[in-house]
There are 2 protein chains.
Amino acid sequence: MAYDGEASSTREAILLEARRCFSDHGYEGTSLNDIAAGVGIRRASVLHHFPSKEAVYQAVFEQALADWGDRIDRAVAHGGPDDEGWTHLDRVLTVAVRWFADNPEFVRLVRHESLAAGTHLGFDLGEALRPWFQRAVNYFDREMGAGRLRKHDPEQLIISGYGAILNYFSDVHFLHGLLGRDPMAEEAIEARIQAIRDFFRAALEP
Amino acid sequence: MAYDGEASSTREAILLEARRCFSDHGYEGTSLNDIAAGVGIRRASVLHHFPSKEAVYQAVFEQALADWGDRIDRAVAHGGPDDEGWTHLDRVLTVAVRWFADNPEFVRLVRHESLAAGTHLGFDLGEALRPWFQRAVNYFDREMGAGRLRKHDPEQLIISGYGAILNYFSDVHFLHGLLGRDPMAEEAIEARIQAIRDFFRAALEP
DNA sequence: GTCTATACGCAGATAGAC
DNA sequence: GTCTATCTGCGTATAGAC
């Protein structure tokens, strides 16, 4: 479980602290000093465990993406007997939103990266996620074709969906100012999940 | 018109180039050298026109927000005789999306800022936009109460909406990788606008 | 594995010539 | 208004002691 607060080794502790720093301040806004200070060691010691700052960043991302993939895979596979159409989508959607709510650092990490023009990741995040995207598009094509979901353009629908979901958890600071209350309070998160489900049902349930 | 490519003074040229740099690479990822080089002057000359890097950033933001406010104000006010319910919302929505499509730098600028933990802006962007947000909430309350729009939680609706819209234009680079084509091509933008309108109509039209 | 010391460059900002 | 020169601090990364 990559996303808990405890570290079993210095290497793990570095990754944990680096994830926090990178997600809050981005790649350029984070220094090896920041990471080292959070761990309680010196800058040079961080570079004993990783060859460079970029290597730390890439390791953080690798861990995060692997963890995310596992969760979604499990959620998609776990359907019961009457798991189809809106029922299935609603279940996966709810799992996904809850996971994002539990892992806001991941969301902010991805956002920083997808916003960046030149990347420090070594590969293109969009391209890397394309197979996932295609899987989702195929799913919607099938369900809409069979009349189990109302017809919309699947690609556009997914883009709207991930925007509506990720936004909330990436822009927590902004929303705090906008709403005048804590968007990550438990009841606020529950309300958000409910709203996302309602909105998608209104648009998709046949 | 603040968002065109021509600069009538060095100060304007600095703001223009700074907006490009900040929106692509964020505050920390942009140096005064980058800005100066884009303008064709030296670092010290930039600091003749602005007292500090933060001052440049704030001036860029001030200009962008003022321009945005003007456009929305005009769009909201410009209704014809049968301008109410979904018709009105659809019109304002379309204007807003088109403006974002024309000003992706603004979108990325706001995104960087709302993502940042500690800001270089000097004020809280969320708080500054709260009056706008409240105005929109009141509008939805009125329309939904009168039965001219389907009932949803207005706050949640607006959060979903701005997420679905802003995402597309802020994550252009990411989407290029994800879709395997240019999301800012004219027909792609038209398709996006159409999809947003369809999706909102499906959820909101009574 | 962690440390200090050090190399080296680039950052933001200021002083002063032209 | 723009420049060069300079100050000062922090950045990444490496060498080598313990």
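Further up the page is the structure itself.
Predicted, not measured: the structure shown is a model, and the values here were computed from it.

Thresholds, definitions, all that
Residues numbered from 1 in each chain as written. Chains lettered and ligands numbered in written order. Predicted model: local features only at pLDDT ≥ 70, side-chain atom pairs only at ≥ 80, totals over all residues. Heavy atoms only, no water. Helix = DSSP H or I, 4+ residues; strand = E, 2+ residues; numbered from the N terminus. Buried < 20%, exposed > 50% of the residue type's maximum accessible area, 1.4 Å probe, protein only. Areas by Shrake-Rupley, 256 points an atom, 1.4 Å probe, with all protein chains shown as cover. Near = heavy atom within 4 Å. Polar contact = N/O pair within 3.5 Å; in protein donor to acceptor, adjacent residues only side chain to side chain. Nonpolar A, V, L, I, M, F, W, Y, C, P; charged D, E, K, R; others polar. Contact = heavy atoms within 4.5 Å. Buried area = accessible area lost by both parts, 1.4 Å probe. Salt bridge = Lys/Arg side-chain N within 4 Å of Asp/Glu carboxyl O. Least-squares fit on C-alpha atoms with pLDDT ≥ 70 in both. Phe/Tyr/Trp six-rings, centres within 6.5 Å; stacked < 30°, edge-to-face > 60°. Lys NZ or Arg CZ within 6 Å of the ring centre and 35° of its normal. Core = buried A, V, L, I, M, F, W, Y, C linked by side-chain atoms within 4.5 Å. Expected span 1.5 Å × (residues − 1).

Participant: Can you help me understand the overall build of chain A in this one?
Facilitator: Broken down by element type, chain A carries ten helices and zero strands. Its helices and strands in sequence order give chain A the pattern α-α-α-α-α-α-α-α-α-α, from N to C terminus. Considering chain A as a whole, with its 206 residues, one finds that 53% of them fall into the buried category. As displayed, chain A has an accessible area near 9300 Å², and 50% of this comes from carbon and sulfur atoms.

Participant: I keep staring at the protein's contact with DNA strand C and nothing clicks. Help me out?
Facilitator: Lining the immediate surroundings of DNA strand C are 17 residues, of which Arg42, Ser45 and His49 of chain A together with Asn33 and Arg43 of chain B lie closest. For DNA strand C, the backbone makes up 61% of the atoms found within 4 Å of the protein, where backbone means sugar plus phosphate. Arg42 of chain A places a polar main-chain atom, nitrogen or oxygen, 2.6 Å from a phosphate oxygen of DNA strand C. Tallied by class, residues from the surface near DNA strand C come to five nonpolar, eight polar and four charged.

Participant: Is there a simple way to think about the interface of chain A and chain B in this case?
Facilitator: Buried accessible area, meaning the area lost when the parts come together, often serves as the stated size of an interface. At the interface, 49 residues of chain A touch 49 residues of chain B. Counting the surface lost from both chain A and chain B, the interface buries some 4600 Å², and carbon and sulfur atoms represent 61% of this. Among the residues chain A hides against chain B, the three largest losses belong to Leu115, Phe174 and Phe199 of chain A. Together they make up 17% of the total. For the interface between chain A and chain B, the tally reads four salt bridges. Residue Arg111 of chain B is joined to Asp171 of chain A by a salt bridge in which the shortest nitrogen-to-oxygen separation is 3.6 Å. Joining chain A to chain B, the criterion identifies 14 residue pairs in polar contact (both at pLDDT 80 or more). Breaking the side of chain A that touches chain B down by element, the ones donating at least two residues are helix H1 (10-25), helix H6 (104-115), helix H7 (125-145), helix H8 (154-170), helix H9 (172-179) and helix H10 (186-204) of chain A. Among the elements that take part in the side of chain A that touches chain B, H8 of chain A stands out by supplying eleven residues, more than any other. A breakdown of the residues in the side of chain A that touches chain B according to their chemical character gives 21 nonpolar, 15 polar and 13 charged.

Participant: Is there a simple way to explain the relation of the copies chain A and chain B in this structure?
Facilitator: Once chain A has been moved 0.0 Å along the axis and rotated by 180°, it coincides with chain B to within an RMSD of 0.0 Å. The symmetry that links the two subunits is that of a two-fold axis. By residue overlap, the copies meet face to face through one surface: 100% of the interface positions of chain A are interface positions in chain B.

Participant: What should I look at first to understand the packing of aromatic side chains in this one?
Facilitator: The description of an aromatic ring pair uses the distance of the two centres, along with the angle that the planes make with each other. Under the counting rule described, the total for this entry stands at 27 aromatic pairs over all chains. Seen in terms of ring centroids, Phe22 of chain A and Tyr27 of chain A are 5.9 Å apart; in terms of plane orientation they differ by 10°. Their pairing is stacked. With 5.0 Å between their ring centres and 65° between their planes, Trp99 of chain B and Phe106 of chain B make a pair best called edge-to-face. Overall, the relative accessible area of 5% leaves Trp99 of chain B in the buried class. Taking the relative accessible area as the measure of exposure, Phe106 of chain B reaches 5% and is therefore buried. In this structure an aromatic cluster arises from ring pairing among Trp68, Trp99, Phe100, Phe106 and Trp132 of chain A. Lying over the aromatic face of Tyr27 of chain B, Lys53 of chain B brings its terminal NZ or CZ to 4.3 Å of the ring centre.

Participant: What am I meant to see in the protein's contact with DNA strand D here?
Facilitator: DNA strand D sits among 17 residues. The nearest are Arg43 and Lys53 of chain A together with Arg42, Ser45 and His49 of chain B. Among all atoms of DNA strand D positioned within 4 Å of the protein, those belonging to sugar or phosphate total 60%. Contacts to DNA strand D include Leu32 of chain A, whose backbone N or O atom sits 3.0 Å from a phosphate oxygen. One of the backbone nitrogen or oxygen atoms of Arg42 of chain B is found 2.6 Å away from a phosphate oxygen of DNA strand D. Mapped onto the surface near DNA strand D, the elements with two or more residues apiece are helix H2 (32-39) and helix H3 (43-49) of chain A together with helix H3 (43-49) of chain B. When residues in the surface near DNA strand D are grouped by element, the largest group, five residues, is from H3 of chain B.

Participant: Quick question: what am I supposed to make of the side chain of Asp83 of chain A here?
Facilitator: Residue and element names in this part refer to chain A. For Asp83, the location among the structural elements is in the loop between helix H4 (53-77) and helix H5 (85-102). Polar contacts involving the side chain of Asp83 include one to the side chain of His88, which spans 2.5 Å. Excluding its chain neighbours within four sequence positions, the residues that come into contact with Asp83 are His88 and Arg91.

Participant: What exactly am I supposed to notice about the nonpolar core here?
Facilitator: As a rule of thumb, nonpolar side chains are buried together in soluble globular proteins. Membership of the largest hydrophobic core comes to 126 residues, with the highest contact counts inside it found for Phe100 of chain A together with Phe100 of chain B. Beyond its immediate stretch of four places on either side in the chain, Phe100 of chain A contacts Trp68, Phe106, Val107, Ile165, Leu166 and Phe169 of chain A.

Participant: How should helix H6 (residues 104-115) of chain B be read in this particular structure?
Facilitator: Given 3.6 residues to a turn, an α-helix orients residues that are three or four positions apart in the same direction. Residues and elements named next belong to chain B. Along its twelve residues, H6 runs 16 Å from first to last C-alpha, staying within 8% of the 16 Å computed at 1.5 Å per residue. Most of H6 sits inside the fold, with ten of its twelve residues counted as buried. Turning to H6, its buried residues are Phe106, Val107, Arg108, Leu109, Val110, Arg111, His112, Glu113, Ser114 and Leu115.

Participant: So what exactly am I meant to see when it comes to the pattern of salt bridges here?
Facilitator: A side chain of one charge can pair with a side chain of the opposite charge when the charged atoms of the two come close. Residue and element names in this part refer to chain A. For the coordinates displayed, the defined rule picks out 22 salt bridges over all chains. Residues Arg108 and Asp24 are paired through a salt bridge, measuring 2.9 Å at the closest nitrogen-oxygen approach. With Arg108 in helix H6 and Asp24 in helix H1, this residue pair connects regions lying 84 residues apart in the sequence. Using a relative accessible area of 9% as the deciding quantity, one classes Arg108 as buried.

Participant: Quick question: what am I supposed to make of helix H8 (residues 154-170) of chain B here?
Facilitator: Residues and elements named next belong to chain B. With 17 residues, H8 should reach 24 Å at 1.5 Å per residue; the first-to-last C-alpha distance of 24 Å fits that figure. With 17 of 17 residues buried, H8 is to be regarded as a mostly interior element. Two or three places before Glu155, at the start of H8, stands the capping residue Asp153, its side-chain oxygen 2.9 Å from that residue's backbone nitrogen.

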